[in-house]
Amino acid sequence: MSIEQALTEGIVFKKGKDTSARKEEPRIKTKAKKTTYTKGTHGSGSAKMKAEYKRKRANRPHR
């Protein structure tokens, strides 16, 4: 498209590709991401500390 033609006729923007193809792909649930954090397996220092606190609390004797 030439510049003169764009100025006189305008530019038409067409709709993008259909997004239905993307919707068919299964998405990863956030729970899977959270389990690595709660177990401290992804390497973050805060995740390891929180996982240690949760382990200690889980191992406390119940009344």
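Scroll up for the structure.
Residues numbered from 1 in each chain as written. Predicted model: local features only at pLDDT ≥ 70, side-chain atom pairs only at ≥ 80, totals over all residues. Heavy atoms only, no water.

**Student:** Please provide a residue-by-residue account of the overall build of the protein, values included.
**Tutor:** Tallying secondary structure elements over the protein gives 4 helices and 0 strands in all. A total of 63 residues make up the protein; the buried ones form 6% of that total. Accessible area for the protein stands at about 6,800 Å²; split by element, carbon and sulfur atoms hold 55% of it. (Helix = DSSP H or I, 4+ residues; strand = E, 2+ residues; numbered from the N terminus. Buried < 20%, exposed > 50% of the residue type's maximum accessible area, 1.4 Å probe, protein only. Areas by Shrake-Rupley, 256 points an atom, 1.4 Å probe, with all protein chains shown as cover.)

**Student:** Got a sec to walk through a positive patch on the surface? Specific residues and values, please.
**Tutor:** A contiguous patch of positive charge, built from Lys50, Lys54, Arg57 and Arg60, is present on the exposed surface. Note on placement: Lys54 falls in helix α4 (residues 45-58). The exposure class of Lys54 is partly exposed, given its relative accessible area of 41%. (Patch = residues over 30% accessible without salt bridge, like charges linked within 9 Å, V, L, I, M, F, W, Y side chains within 5 Å. Salt bridge = Lys/Arg side-chain N within 4 Å of Asp/Glu carboxyl O. Lys, Arg positive; Asp, Glu negative; His and termini not counted. Charge placed at Lys NZ, Arg CZ, Asp CG, Glu CD.)

**Student:** Please set out the environment of Glu52 residue by residue, giving values where relevant.
**Tutor:** Within the secondary structure layout, Glu52 lies in helix α4. Distance from Glu52 to Lys39, taken between C-alpha atoms, is 8.4 Å for residues 13 residues apart in sequence.

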